Amino acid sequence: MTRLADLLLTALAPVVWGSTYIVTTELLPPGHPVFVSAARVLPAGLLLLLMVRELPRGVWVWRSLVLGLLNFAIFMVLLFVAAYRLPGGIAATVGAVQPLIVIFIAAMLLGTAIRPLAVAAALAGLGGVALLVLKHGAALDTIGIAAALGGAVSMAFGVVLSRRWQPPVSPLTFAAWQLTAGGLLLLPMAFLMEPLPPLPDARNLTGFLYLGLSSALTYVLWFRGISRLEPSAVSSLGFLSPTTAVLLGWVLLDQALSPAQLAGVAIVLASVWLAQRAARLTVPAPAPAGKPVGA
């Protein structure tokens, strides 16, 4: 399969994630973000485990737990803390620093070169996201800023380590292990941090079903992309998520798009293109060979 096909398949993941914003606000009960995260991740992981019928063994048990913690548990909890404490899209703007962090973590852990074009693309994407979601007069909050940065760092390490730790199994199995581990870690967090949610109605069940099935599909594509593409190229695709959310709000909810937001869309798309050009110029360090599952 060509690199373009790998990019397009991987890009489907953040595009679909962009739709989760509207599904969450329109179909799911408010005030239970950690429970919603667990309900999104754990059923998807269990569904994939039923399909692959293969559990991690040996070193892959703790590696799956670490990746589930970084990519899901820590990331999602901090994401919602930031979203609650930082109004006006600041959380999304601060979180958009993740591709920049990935560049430097990949240099440390994978030995990839830090290219000025990749840094410029990450900064441009950050600016584009700011134009998309940032509103004037939004209040700053120290804890919220720290949570948004912590979430970006957590996901950045998750992306790079998912590339470095490539098990001798399919992306479907690798996604199943991480989703299940992340969901199992999120579930007790939900009970500790939030009151029990109300019994779901038909509308809620539709939303949960959509989130679970879409997560099962998109994370398989995401981890598949991480195994085939440069970390900076994959992380830059994350800019498509807030872009999709804004465009869906315009199409489905009749939310107006300002000239600044239209400029943000253009800048985000240009930054993604630049990031892919930079990644093509980078010779990535080969991913270490996976050990046998039982090692």
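Residues numbered from 1 in each chain as written. Predicted model: local features only at pLDDT ≥ 70, side-chain atom pairs only at ≥ 80, totals over all residues. Heavy atoms only, no water.

A. View of the pattern of salt bridges. Per the counting criterion, the structure on display carries three salt bridges. Its salt-bridge partner being Arg3, residue Glu230 comes within 2.8 Å of it at the nearest N-O pair. Of this pair, Glu230 sits in the loop between helix H9 (202-228) and helix H10 (231-236) while Arg3 sits in helix H1 (residues 3-27), and the two are 227 residues apart along the sequence. Salt bridges linked by common partners bring Asp6, Arg224 and Arg228 together as one network. (Salt bridge = Lys/Arg side-chain N within 4 Å of Asp/Glu carboxyl O. Helix = DSSP H or I, 4+ residues; strand = E, 2+ residues; numbered from the N terminus.)

B. Looking closely at the side chain of Ser271. With respect to the helices and strands, the residue Ser271 is situated in helix H12 (residues 259-281). With residues up to four places along the chain from it excluded, the contact list for Ser271 reads Ala121, Ala124, Gly125 and Phe239. (Contact = heavy atoms within 4.5 Å.)

C. Quick look at empty space enclosed by the protein. Counted according to the given criterion, the structure contains three cavities of 30 Å³ or more. In this structure, the second largest cavity is lined by Pro99, Ile103, Ala118, Ala121, Ala122, Ser232, Ser236, Phe239, Ser271, Val272 and Ala275. When contributions to the lining of the second largest cavity are tallied by element, the ones reaching two or more residues are helix H5 (98-110), helix H6 (116-133), H10 and H12. Among the residues forming the lining of the second largest cavity, the class breakdown is eight nonpolar, three polar and no charged. (1 Å grid on protein atoms, 1.4 Å probe; cavity = no way out; pocket = protein on both sides within 12 Å on 5 of 7 lines; lining within 4 Å. Points joined across faces, edges and corners; volume = space filled by probe spheres on them. Nonpolar A, V, L, I, M, F, W, Y, C, P; charged D, E, K, R; others polar.)

D. Geometry of the packing of H5 against helix H7 (residues 142-164). Look at H5 against H7: their axes get within 9 Å of each other, and the N-to-C directions meet at 40°. When the interaxial angle is binned, H5 and H7 end up oblique. Remark: the crossing between H5 and H7 carries right-handed chirality. When H5 is examined against H7, the residues Gln98, Ile101, Val102, Ile105, Ala106, Leu109 and Leu110 are found in contact with a partner set consisting of Ala152, Val153, Met155, Ala156, Phe157, Val159, Val160, Leu161, Arg163 and Arg164. Residue composition of the contact of H5 with H7, by class: 14 nonpolar, one polar and two charged. (Axes fitted to C-alpha atoms, helices over the stretch in contact; angles between N-to-C directions. Parallel < 35°, antiparallel > 145°, perpendicular 65-115°, else oblique. Left-handed = near helix turned anticlockwise from the far one by under 90°.)

E. Representation of a nonpolar patch on the surface. A cluster of nonpolar residues, Leu247, Trp250, Val251, Leu252 and Leu253, forms a patch on the protein surface that exposes about 460 Å² of accessible area. If you trace the backbone, Leu252 turns up in helix H11 (residues 240-252). Owing to a relative accessible area of 54%, Leu252 belongs among the exposed residues under this scheme. (Patch = residues over 30% accessible without salt bridge, like charges linked within 9 Å, V, L, I, M, F, W, Y side chains within 5 Å. Areas by Shrake-Rupley, 256 points an atom, 1.4 Å probe, with all protein chains shown as cover. Buried < 20%, exposed > 50% of the residue type's maximum accessible area, 1.4 Å probe, protein only.)

F. The arrangement of the nonpolar core in detail. One finds Leu186, Tyr219 and Trp222 to be the most contacted residues of the largest nonpolar core, which totals 51 residues. Counting residues per element, this core draws most heavily on helix H3 (residues 59-85), which supplies nine residues. Residues Leu100, Ile103, Ala156 and Ala278 belong to the second largest nonpolar core, which totals 15 residues. (Core = buried A, V, L, I, M, F, W, Y, C linked by side-chain atoms within 4.5 Å.)

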